[in-house]
Structures are given as structure tokens and as C-alpha cells.
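What follows is each chain in one-letter form.
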Amino acid sequence: MSKRVAVYARVSTTRQAESDISIPDQIAHAKRYCESRGWHIALEVVDAGASARDDKRPQFQSMMQTACTDPSPFDVVLIHSQSRLFRDSVGYAITRRQLSKHGVSLLSMTQDFGEGPS
């Protein structure tokens, strides 16, 4: 069965978008990643100019609210790397746990954090 994916892309500054991985680059990478696995992108979420120090990002909040409905309209939240979601592992872990309660996996395209609480 094909997984339904929500892609989350974020940059905090123009400089970051120019020197790091831009939002279009993150989305393109996600499309290739999903296509190679036969997954369907159900939602693309973009927070441009938003810091990952906390979760006070409008599009992130909207995505989380949607993800945490039962049944969720997607199976996976796909990010480029942990830093696109949160700058610290605590925020990442809390989000991952919250999504898991609704049957949604959190997956990074570039970092393997494995399964379970570790």
C-alpha cells in the first residue's frame, strides 16, 4: 500500500535559503524520495522565515493539527533533516511521540533516527 506523506520544509532566513538547502530543494528532494518508494505526497507544508527554536510556526501548527485527527489523512511526516523541524532533540522527540499516537511516522530523508524512543 502506498504511504500518504506530508512534506514539511522550512528555512529561517534568506541567507539560509541561499547557502543551505532551499525550500524548493527540500520539496524536490522529497518528491524524488517519495517517488522512489511509490509514496503519494498528500500535503506540502512550508514555513519560510520561521525559526525552529520552538513550535510557534503557523504552518507547522496547522500540519500537526491535521496529522493528529483520527484518522489522519497521512501516514508519514517527511522532513529533510531534524533541524528543519526543531533545533533540539527534545522538540523533535515530543513531536515524534505526538504523531505516533495518531499512527503517523516522522521520517528524515537524510538522518536515520531508527524506531522507538531512543
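Structural data are supplied above this passage.
In short, a report on the structure.

About the thresholds
Residues numbered from 1 in each chain as written. Predicted model: local features only at pLDDT ≥ 70, side-chain atom pairs only at ≥ 80, totals over all residues. Heavy atoms only, no water. Core = buried A, V, L, I, M, F, W, Y, C linked by side-chain atoms within 4.5 Å. Buried < 20%, exposed > 50% of the residue type's maximum accessible area, 1.4 Å probe, protein only. Helix = DSSP H or I, 4+ residues; strand = E, 2+ residues; numbered from the N terminus. Contact = heavy atoms within 4.5 Å. Axes fitted to C-alpha atoms, helices over the stretch in contact; angles between N-to-C directions. Parallel < 35°, antiparallel > 145°, perpendicular 65-115°, else oblique. Left-handed = near helix turned anticlockwise from the far one by under 90°.

1. A closer look at the nonpolar core
- By size, the foremost hydrophobic cluster in this structure holds 17 residues, and its most contacted members are Tyr-8, Met-63, Val-77 and Leu-85.
- Counting only elements with at least two residues in this core, the list comes to β1 (4-11), α3 (58-67), β3 (76-79) and α5 (89-100).
- With four residues, α3 is the largest single contributor of residues to this core.
- In this view, Tyr-8 contacts Gln-26, Val-45, Asp-47, Arg-57, Phe-60, Met-63, Val-77, Leu-78, Ile-79, His-80, Arg-84 and Leu-85; residues no more than four positions away in its chain are not counted.
- Within the second largest apolar cluster, 13 residues are counted, among which are Val-11, Tyr-33, Trp-39 and Met-109.

2. Considering the packing of α3 against α5
- At their nearest, the axes of α3 and α5 sit 9 Å apart, and the two run at 30 degrees to each other. When the axis of α3 is compared with that of α5, the two are roughly parallel. In this structure, α3 crosses over α5, and the sense of that crossing is left-handed. In this structure, α3 contributes Phe-60, Met-64 and Ala-67 to the contact, and α5 contributes Thr-95, Gln-98 and Leu-99.

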